[in-house]
Amino acid sequence: ETLDKGLEKTKTNFLSKLSKAVVGKSKVDDDVLDNLEEVLVSSDVGVNTTLKIIDRIEARVSKDKYLGVDELNAILREEIAGLLSETNSGSETEFTVPLVRKPYVIMVVGVNGVGKTTTIGKLAYQFKKQGLKVVLGAADTFRAAAIDQLQVWADRVDVPIVKQSMGSDPASVAFDTLSSALKQNADVVIIDTAGRLHNKVNLMNELTKVKRVMQKVVEGTPDEVLLVLDGSTGQNAFEQAKQFTKATEVTSLAVTKLDGTAKGGVVIGISDQFQIPVKYIGVGEGMDDLQVFNKIEFVDSFFS
Ligand code: GDP
């Protein structure tokens, strides 16, 4: 229900464009496919992924000879779900914390303002609700506001936070956080990192160093590198994904601010283009407004 509400704008926009794309048509022909291409691109699915979808539908049209426009929605839904399945296997893809080795470490990356801190807070809340012991690490030491904001969330969710003063070494904060988590026998560590993109080499060096230091404390960490993207920025989110995947190995995605935007199609394009699973979507500012990404529900909420 929250998902439907969160994606309302995307859905309304998409469905109205889709219905216009087939006006006066009874079968799917080249015109309809052209219109459909426009609908998908303007819904922020991204050009490459759009062409992939169009190709697949075209193949079905030529195989079946006749495809009525009344079947288009169902077919589109099938193809989009198929695409999402290629990167999001299973239906529920939340982080499952293995109890074999503690702590499970999630390093969170993303540009400032995309909702990184909020997502960390919401995640901490979810883990805590599951009875897990969470520790946050404020390794975005570049901005005082980043540390303060994370502290606000730590207080709100009531989980411990490890921080140092602004300008201190992020790797040192990561080291302290993991050490503290070990001492407290914590289950999950979530580390916030700096989100400066304007200096790619610095970003890459910083993230590499943070990882290296984490591995000194707990071998094999981080378990996840979660890239947070702001869904309402549409094509910007693609660009950020490109930059961050160049700077570090990203293992999963969270797409935020899908409420209040018609650009929800980015979720489809980004997961397809970067072949990285979307694990969470943000549909509001509250603690509860982070959803485990479920591809079937996601696609369904577009069409029903
Ligand atoms: P950061 O700089 O990346 O850490 O960004 P913040 O977590 O501070 O979030 C920036 C703003 O976006 C804040 O006002 C958040 O409340 C808001 N925000 C974050 N996630 C969502 C979301 O899913 N939906 C909405 N509507 N707002 C969000």
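For the structure given in this document, a descriptive report is provided here. (Residues numbered from 1 in each chain as written. Predicted model: local features only at pLDDT ≥ 70, side-chain atom pairs only at ≥ 80, totals over all residues. Heavy atoms only, no water.)

1. Notes on the site of the ligand
Okay, so step 1: Residues in close proximity to the ligand total 16 residues, the closest being Gly113, Thr117, Thr118, Asp259 and Glu285.
Okay, so step 2: At a separation of 2.9 Å, an oxygen atom of the ligand approaches a polar backbone atom of Gly115.
Okay, so step 3: A distance of 2.4 Å separates an oxygen atom of the ligand from a polar atom in the side chain of Thr117.
Okay, so step 4: If the ligand stood free it would expose 580 Å²; the protein chains cover 79% of that surface. (Near = heavy atom within 4 Å. Polar contact = N/O pair within 3.5 Å; in protein donor to acceptor, adjacent residues only side chain to side chain. Areas by Shrake-Rupley, 256 points an atom, 1.4 Å probe, with all protein chains shown as cover.)

2. Focus on the packing of helix H5 (residues 72-87) against helix H11 (residues 266-274)
Okay, so step 1: The N-to-C vectors of H5 and H11 enclose an angle of 45°; their axes lie 9 Å apart at closest approach. It follows from the interaxial angle that H5 and H11 lie oblique. Here the hand of the crossing between H5 and H11 comes out left-handed. Residue-level contacts link Ile80, Leu83, Leu84 and Thr87 of H5 to Val267, Ile268, Ser271 and Asp272 of H11.
Okay, so step 2: Classifying every residue of the contact of H5 with H11 gives 5 nonpolar, 2 polar and 1 charged. (Axes fitted to C-alpha atoms, helices over the stretch in contact; angles between N-to-C directions. Helix = DSSP H or I, 4+ residues; strand = E, 2+ residues; numbered from the N terminus. Parallel < 35°, antiparallel > 145°, perpendicular 65-115°, else oblique. Left-handed = near helix turned anticlockwise from the far one by under 90°. Contact = heavy atoms within 4.5 Å. Nonpolar A, V, L, I, M, F, W, Y, C, P; charged D, E, K, R; others polar.)

3. What to know about the environment of Val157
Okay, so step 1: Relative to the elements of secondary structure, Val157 occurs in helix H7 (residues 144-157).
Okay, so step 2: Spatially, the C-alpha atom of Val157 lies 7.1 Å from that of Ala124, the residues being 33 residues apart in sequence.

4. Some points on helix H3 (residues 30-42)
Okay, so step 1: Spanning 13 residues, H3 covers 18 Å between terminal C-alpha atoms, matching the ideal 18 Å at 1.5 Å per step.
Okay, so step 2: Listed as buried for H3 are Val32, Leu33, Leu36, Val39 and Leu40. Around the axis of H3, the buried residues are gathered within 115° of arc, so they sit on the same side. Exposed residues lying more than 90 degrees from the buried face of H3 are Asp30 and Glu38.
Okay, so step 3: For H3, the secondary structure elements touched by its buried residues are helix H2 (8-21), helix H4 (47-64) and H5. (Expected span 1.5 Å × (residues − 1). Buried < 20%, exposed > 50% of the residue type's maximum accessible area, 1.4 Å probe, protein only. Arc of directions from axis to C-beta.)

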